[in-house]
Amino acid sequence: MKLGSFIIRRLFLMLLVLFGVSVLVFVIAKVIPADPVGAILGGNAPIDLVEDMKRRLGLDKPLMNQFIDYMSGILRGDLGTSLKSNRPVAKDIANFFPATLELSICATFLSVVIGIFLGILSAVYRNKFIDHFARVFSILGVSMPVFWTGLLLLLLFYFRLGWLPGTGRLGLFVTPPTRYTGLYLLDSLLSLNFEAFKDALAHLVLPSIVLGYSAAASIARITRSSMLDVLRQDFIRTAKAKGIGKRLVIYRHALRNALIPVVTIIGLTFGGLLEGAVLTETIFGWPGLGRYIVNSLLLLDYPAIMGGTLFVAVIYSLVNLIVDIIYAALDPRMRI
Amino acid sequence: MWKKILLVTLLLATVLSFAKTPKDTLVIAANTEIFITLDPAVCYETFAAAVVTSAYSGLTKIEPVNGVLTPVPDLAEKWEVVQEGDVTVWTFYLRKGLVFANGDPLTAEDVVFSFKRVLTINKSPAWLFNELGLTKENMDQTIIAKDPLTVVLKTKPLARNIVLSIIAPPWGGVVNKKVVLANQVNNDLGEAYLTDKSEGAGPFIIVEWKRKEQVIMQSNPKYWAGEPPLKKIIIKDVPEETTQFLLVQKGDVDIAWNITTEQAAQLRETKGGNIRLVTTPEQSNEYVAMNCGWGPFKDEKVRLAIKYAIDYDAIINSVMRGFAILNQNFMPIGYFGYIELNPFKRDVQKAKQLLTEAGYPNGFEVEIITSTTDIRRNEAIIVQSNLADIGIKANIVQMPSSEMYAKYRQQGHQMIIAGWGIDYPDPDALAKPFANYRVKQLAWRNMWYDDHAADLAEKAGVELNDEKRAQMYKELQEYWITRSAFAMLYQPVGFWAVSNDVVGFERAVEGYTLTFDFTKISKK
Amino acid sequence: MVEKSETTISRWKPIIEDWKHTFYLWKRTKLAMIGTFIVIGFIVMAVFAPLLAPYDPIKTNLPERLKAPSKQHLFGTDQFGRDIFSRVIYGARIEVWIIFLVTVISGVIGVAVGVTAGYFGGVIDEILMRITDIFLAFPRLILAMALSAMLGRGLTNAILAISLVEWTVIARLARAEAMKVKSQPYIEAIKAVGASNFRVLIFHVLPMCLSPVLVQLTLRMGTIILTAAGLGFLGLGAQPPTPEWGAIVSDGRSYLVQQWWISTFPGLFIAVVVLGFNLLGDGIRDILDPRLRR
């Protein structure tokens, strides 16, 4: 199959799946046993007022009509109005997503650096101490619950030692940088607000470590096995036989080939971070999309749940699509 | 590599700076996630209502007078009441020369617009206006601007305090008609516009509300009673209690608004230091309710057994750490007509005997629903363990308030642990929900269809003679205490960690959850 | 008689040899051994919880509240005076129950969908796989959260929600296996004899798919605990006073600074048990991977 038609087919499939995703999200939201009107009116309001409000919001319409309203809303980019914040969900998402993006980018960076480094070391020194260490480190990374590591790190570095700031993206009295991208690190550099830059960086340390650790673990494992595969291959042996130094072989030849699957894993990791972000953001009071979804789920704010999960599913699918396309471009056998 | 990390962390640590807050600025750390809107016609959450009340003045305002919350004149300097058949006609006379914070004159037209706005928007506060007999349908006849300085209201005949309290802010807050209409979107009467800023005539102006960041208020130099001592109030959004407490301890903020009972207890025991604990009885109550339409709870004896099974002291001392007042009456202490009635004390023998008499010697299984806060969960666990002692197996299901109230409003629960925030400082605000099923509130939700109690609550609400009215409430409370669907756990006490630089906070919090007065606060 | 026993031995011999070899490999991978011991310890803890736990995990004992770890209370007590050690021990039962049910439910759904899709192919395959894709389009935890919010809180609903997320992995694997088996000549032969599709599917294709599925299910047990604990931590899983580990960590969250022990110990147990499952899984992967059979 040509790469072009592969991409078109995948795009078409993705749209189909996303339609299914919106149906599923709608079903979930409608089955949720919440009383959206009660959420607006509060616990004291008598039932008559509640019923009247329901009529006005169109919540007494047949489900099919509500579904059509919802789908046409999505196509217009209108995700409804959050019950809790009383504002358009799309606007809320636009507000919160940059925080998640920034955290994910930092965590990805951290995990790629550590993961690849460890992976190479353990492949090169296979079955040596460093390999065992890296292996335990990796398995530990995917075994520890992030909410627990997050709590303990906060307890140690914030409450006990006071070395690092606690929750949130910025200190209480640091003026947030002018908003260009919503990414504080970038914005503060662009607006030459170095105080905000330092503070934002300090706030990123703990959540990035917590989020990046498990990702680093899987990257290390993939790098190791892919590196081992490559090291076994003929051209490496040839290179060695030609008398090229071991270091050079590893870095010039083996690594480049071994990194092909690693590139794709980085994409997947980035998608997976969206998931880890849910718990990490909850622990670190990070005003991102993960926390937004958790809060709306805990309050059963169903327009926000629909909008938030749908948005995450779209991002997740897009990332997966891009990874698949890269993979297909690198390896024609994958074009099925 | 580790060395580098250590170095970086040490560098970062030095970045953290510690600063005292400025003298004319009050900085509050609070969880503002519960804020929905700062529009007086919609706002219904206690803390948000305190912010709204400081930005909008109304005809009356609620003030503690000798410890009793009383509606007193505010924008209206006086009023007259005339009974015309079954309609009560109220004439309010505005003070002369009133202006909004932006300098526009405030007239009767603005007051009428603001009241009609509450009814037209028809959200949470609207039903309280409906209680007065003011509705969307009749508002053109019942809410009238007679001249620029005179407002006429035509209400149902009700005890005076009820009317005067309901028209006080937050929901009775007067908005600037001209500005609000100029900024409306899709005929929303400025609902979107007023969500995060104010256009009122109160002592403060809400300058901005940045969600998950902060609310900033500034003093209003044009306030009719004079500019308040604080020039600026900043409410920082700090969702975690532990962090709030740390910030106030360090002196980064002046007040931690939401601290845990555990932290409050710790502060209560600390002597000296630069912060203090401020407490006040809240205008609310906490209860366990049993659905009288469900199985065993149809029997009054079973309900009584539960009231004897609960360990009220354990809840007050362990869950609330003493920040609660034993009060098994539906009325808070000190209310008009309140009588002290605390007949229930944990008595397992008596409870078991009552259960046996009712025909449940081996107990039964029941589901307790409650909301997801730590306090509610802790209460539920204690009640569950108390019920286990008399053979009742209780299963706890915690749910978000929106789900809980959905179930509750449809009478779909078996047992619930919840609270009731009082809407206006009058016994009527409690007798109605707790005793009169006809208003379709708590008594109705718990299917306690008791006509005697409902009649008493209704009659007492319209009785104008104080002595007779007090007598009726006494009778109602005595009748209610053993028969009702409710086991009242306690009246909560609000608590704050406050910097010693802040003066007058004790007076500002008096009457909290119904009112909060930022003008009484200043700083050393 | 002699002859018969002879044949029995010869028939079983390769299998026994294979097991022996596996055991040998297992002994050589120390990490897998450690993992096995952790998992065994975990199961023993769950089975003998009433014998191991010194206190009732649920009964409140207010005078003993918030006690630091000591000889009486190895892991300290919580805000109700309940012994954390006993709660953690009993919590193992909850976790075992979750793993068991999720594995069974997601295994059954996954195999049913996967084998059907793989065996019949064509339109059925397209439809079933697109449905699987819909579920795979969400990050797992977010979908599990949304589903458990939809079903209502509680342990059973959380188990259902996790199963509804987990089955997709199994379905994809079972589909691939079924496709492999389907193309084998002997299946064609059985069909030629006149066996019905249903019969072929149940008696010939399904059994052949099971062993990789079972391995995969074992590999996923650690993840299941983590997801369940995550839901419990967010309050969407087990309801109080159930001593689910994630829920206990969450219980202690507002006491973290002063009473660190409430959250620390159950979290440690989650980490160790998941580590055990992952080490074991890693070992299994190595043992089964012919290339790595060193």
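All values derive from a computational prediction rather than experimental measurement.

The rules behind the values
Residues numbered from 1 in each chain as written. Chains lettered and ligands numbered in written order. Predicted model: local features only at pLDDT ≥ 70, side-chain atom pairs only at ≥ 80, totals over all residues. Heavy atoms only, no water. Helix = DSSP H or I, 4+ residues; strand = E, 2+ residues; numbered from the N terminus. Rg over C-alpha atoms; globule rule 2.2 N^0.38 Å. Contact = heavy atoms within 4.5 Å. Areas by Shrake-Rupley, 256 points an atom, 1.4 Å probe, with all protein chains shown as cover. Lys, Arg positive; Asp, Glu negative; His and termini not counted. Charge placed at Lys NZ, Arg CZ, Asp CG, Glu CD. Buried < 20%, exposed > 50% of the residue type's maximum accessible area, 1.4 Å probe, protein only. Pairing = 2+ DSSP bridges. Axes fitted to C-alpha atoms, helices over the stretch in contact; angles between N-to-C directions. Salt bridge = Lys/Arg side-chain N within 4 Å of Asp/Glu carboxyl O. Polar contact = N/O pair within 3.5 Å; in protein donor to acceptor, adjacent residues only side chain to side chain. Nonpolar A, V, L, I, M, F, W, Y, C, P; charged D, E, K, R; others polar. Core = buried A, V, L, I, M, F, W, Y, C linked by side-chain atoms within 4.5 Å. Buried area = accessible area lost by both parts, 1.4 Å probe. Expected span 1.5 Å × (residues − 1). Arc of directions from axis to C-beta. Phe/Tyr/Trp six-rings, centres within 6.5 Å; stacked < 30°, edge-to-face > 60°. Lys NZ or Arg CZ within 6 Å of the ring centre and 35° of its normal. pLDDT = per-residue confidence, 0-100. Bend = angle between axes of the 7 residues up to and from the residue. Parallel < 35°, antiparallel > 145°, perpendicular 65-115°, else oblique. Left-handed = near helix turned anticlockwise from the far one by under 90°.

## Brief notes about the overall build of chain B
- The helix and strand tally for chain B stands at 19 helices and 20 strands.
- A compact globule built from 524 residues would reach a C-alpha radius of gyration of about 24 Å, and chain B, at 25 Å, matches this within 12%.
- Dimensions along the principal axes, computed over C-alpha positions, put chain B at roughly 85 × 70 × 45 Å.
- Taking all contacts inside chain B whose residues are at least 6 apart in sequence as the whole, residues at least 24 apart take part in 69%.
- In the structure as shown, chain B presents an accessible area of about 19,200 Å², 52% of it carried by carbon and sulfur atoms.
- Positive and negative charge centroids in chain B, built from 57 and 62 side chains respectively, lie 3 Å apart.

## Describing the overall build of chain A
- The number of helices and strands found in chain A is 13 helices and zero strands.
- Relative to its 336 residues, chain A shows a buried fraction of 56%.
- Long-range pairs, those at least 24 residues apart, make up 70% of the contacts in chain A with a sequence separation of at least 6.

## Some points on the pairing of strand S8 (residues 204-210) of chain B
All names here are of chain B.
- Pairing geometry for S8 and strand S9 (residues 214-219), over six bridges, is antiparallel. Looking at the pairing, Ile 206 lines up with Met 217 of S9.
- In this antiparallel pair of consecutive strands, S8 and S9, the connection spans three residues, and Lys 212 shows a positive phi of 60 degrees.

## With respect to the sheet that holds strand S4 (residues 76-84) of chain B
All names here are of chain B.
- Judged by pairing direction, the sheet is antiparallel, and its four strands sit side by side in the order S4-S5-S7-S6 without closing on themselves. Looking at which strands have only one partner, the edges of the open sheet turn out to be S4 and strand S6 (143-147). Across the sheet, the mean angle separating the axes of adjacent strands is 20 degrees when strand polarity is ignored.
- Note: S4 against strand S5 (residues 87-94), eight bridges, orientation antiparallel. Counterpart to Trp 79 in the pairing with S5 is Phe 92.

## Quick look at the pattern of salt bridges
- Within the structure shown, the criterion is met by 47 salt bridges over all chains.
- Note that B:Arg117 and B:Asp39 form a salt bridge whose closest N and O atoms lie 2.6 Å from each other. Of this pair, B:Arg117 sits in helix H3 (residues 108-121) while B:Asp39 is found in the loop between strand S1 (25-30) and helix H2 (46-55), placing the two residues 78 residues apart along the sequence. Per residue, the accessibility class of B:Arg117 equals that of B:Asp39, and both read buried.
- Where C:Arg65 meets B:Glu262, a salt bridge forms, and the shortest distance between an N and an O atom there is 3.3 Å.

## Topic: the interface of chain B and chain A
- Listed per partner, the contact involves 48 residues of chain B and 49 residues of chain A.
- Remark: the boundary between chain B and chain A carries one salt bridge.
- In this structure, the connection of chain B to chain A is made through two residue pairs in polar contact (both at pLDDT 80 or more).
- Counting residues per element, the ones that place at least two in the side of chain B that touches chain A are helix H1 (2-15), H3, helix H8 (241-250), helix H14 (401-409), strand S17 (415-421) and helix H16 (442-445) of chain B.
- Of the residues assigned to the side of chain B that touches chain A, the class counts are 23 nonpolar, eleven polar and 14 charged.

## Structural notes on the nonpolar core
- Counting 176 residues, the largest nonpolar core has B:Trp257, B:Tyr287, B:Phe434, B:Phe486, B:Phe505 and B:Phe516 as the members making the most contacts within it.
- Here the element with the most residues in this core is H3(B); it accounts for eight residues.
- Not counting residues within four places of it along the chain, the set of residues in contact with B:Tyr287 comprises B:Tyr408, B:Ile416, B:Ile417, B:Ala418, B:Gly419, B:Trp420, B:Phe434, B:Leu442, B:Phe486, B:Ala487, B:Met488 and B:Leu489.
- A:Met14, A:Leu206, C:Ala117 and C:Leu256 belong to the second-largest nonpolar core, a separate cluster that totals 126 residues.

## Topic: the interface of chain C and chain A
- Contact residues are listed per partner, giving 47 residues for chain C and 48 residues for chain A.
- Around 4,200 Å² of area is buried between chain C and chain A when both sides are counted, 75% of it from carbon and sulfur atoms.
- Of all residues in chain C, C:Phe138, C:Ile142 and C:Met150 give up the largest surface area on contact with chain A, accounting jointly for 13% of the area buried on that side.
- On inspection of chain C and its partner chain A, the count reaches two salt bridges.

## A closer look at unusual backbone geometry
- A cis amide bond links B:Pro169 with the next residue in sequence, B:Pro170, at an omega value of 10 degrees.
- By the secondary structure assignment, B:Pro170 is in the loop between helix H6 (160-166) and helix H7 (177-182).
- Cis geometry is adopted by the peptide bond preceding C:Pro241, which originates at C:Pro240 and carries an omega value of 5 degrees.
- Counting through the fold element by element, C:Pro241 comes out in the loop between helix H10 (221-233) and helix H11 (245-251).
- A positive phi is found at A:Leu192, a non-glycine position, where the angle reads about 55 degrees.
- Structurally, the position occupied by A:Leu192 is in the loop between helix H8 (184-190) and helix H9 (194-232).
- What makes A:Leu192 exposed here is its relative accessible area of 60%.

## Description of helix H4 (residues 63-75) of chain A
Residue and element names in this part refer to chain A.
- Along its 13 residues, H4 runs 18 Å from first to last C-alpha, staying within 8% of the 18 Å computed at 1.5 Å per residue.
- Those residues of H4 that fall on the buried side of the exposure criterion are Gln 66, Phe 67, Tyr 70, Met 71 and Gly 73. All buried residues of H4 lie within an arc of 155 degrees about the axis, which places them on one face of the element. Seen from the buried face of H4, the exposed residues on the opposite side, beyond 90 degrees, are Met 64 and Leu 75.
- Gly 77 occupies a position one or two residues after H4 and carries a positive phi of about 80 degrees.

## Some points on the packing of aromatic side chains
- Here the structure, examined in full by the defined rule, presents 56 aromatic pairs over all chains.
- Centroid distance B:Tyr512 to B:Phe516: 5.9 Å. Interplanar angle 85 degrees. Geometry classified as edge-to-face.
- Measuring from centroid to centroid gives 4.1 Å for C:Phe75 and C:Phe265, while their planes differ by 5 degrees, and the two rings are stacked. Residue C:Phe75 is located in the loop between helix H3 (49-52) and helix H4 (84-120), and its partner C:Phe265 is located in helix H12 (residues 261-288); the two are separated by 190 residues in the primary sequence. Of the two residues, C:Phe75 and C:Phe265, neither departs from the other in class, the shared state being buried.
- Three or more aromatic residues link up through ring pairs in this structure, and these residues are B:Phe35, B:Phe47, B:Phe204, B:Trp209, B:Trp257, B:Trp496, B:Phe505, B:Tyr512, B:Phe516 and B:Phe518.
- Between the NZ or CZ atom of B:Arg95 and the centre of the ring of B:Trp224, over which it lies, the distance is 3.7 Å.
- Here the basic side chain of B:Arg445 rests over the ring of B:Tyr408, its NZ or CZ set 5.1 Å away from the ring centre.

## Overview of the confidence of the model for chain A
- Confidence in the prediction of chain A, expressed as mean pLDDT, is 83, and 88% of residues score 70 or more.
- Within chain A, no element has a lower average pLDDT than helix H10 (residues 234-241) of chain A, which sits at 67, and none a higher one than helix H7 (residues 146-160) of chain A, at 92.

## Points about helix H9 (residues 197-219) of chain C
Residue and element names in this part refer to chain C.
- Over its 23 residues, H9 extends 31 Å from the first C-alpha to the last, a length consistent with the 33 Å expected when each residue adds 1.5 Å.
- Maximum bend of H9: about 45 degrees, positioned at Leu 206, with proline Pro 207 one to four residues after it.
- Along H9, the residues that are buried comprise Val 200, Leu 201, Val 205, Cys 209, Val 213, Gln 216, Leu 217 and Leu 219.
- For H9, the secondary structure elements touched by its buried residues are H4, helix H7 (155-182), helix H8 (185-193), H10 and H12.

## A few points about the packing of H4(C) against H9(C)
Residues and elements named next belong to chain C.
- Running from N to C, H4 and H9 cross one another at 130 degrees; their axes reach a closest spacing of 10 Å. Taken together, the axes of H4 and H9 are oblique relative to one another. Crossing of H4 over H9 shows right-handed handedness. On H9, the residues touching Thr 103, Ser 106, Gly 107, Val 111, Val 115, Tyr 119 and Phe 120 of H4 are Asn 197, Val 200, Leu 201, Val 205, Leu 206, Cys 209, Val 213 and Leu 217.

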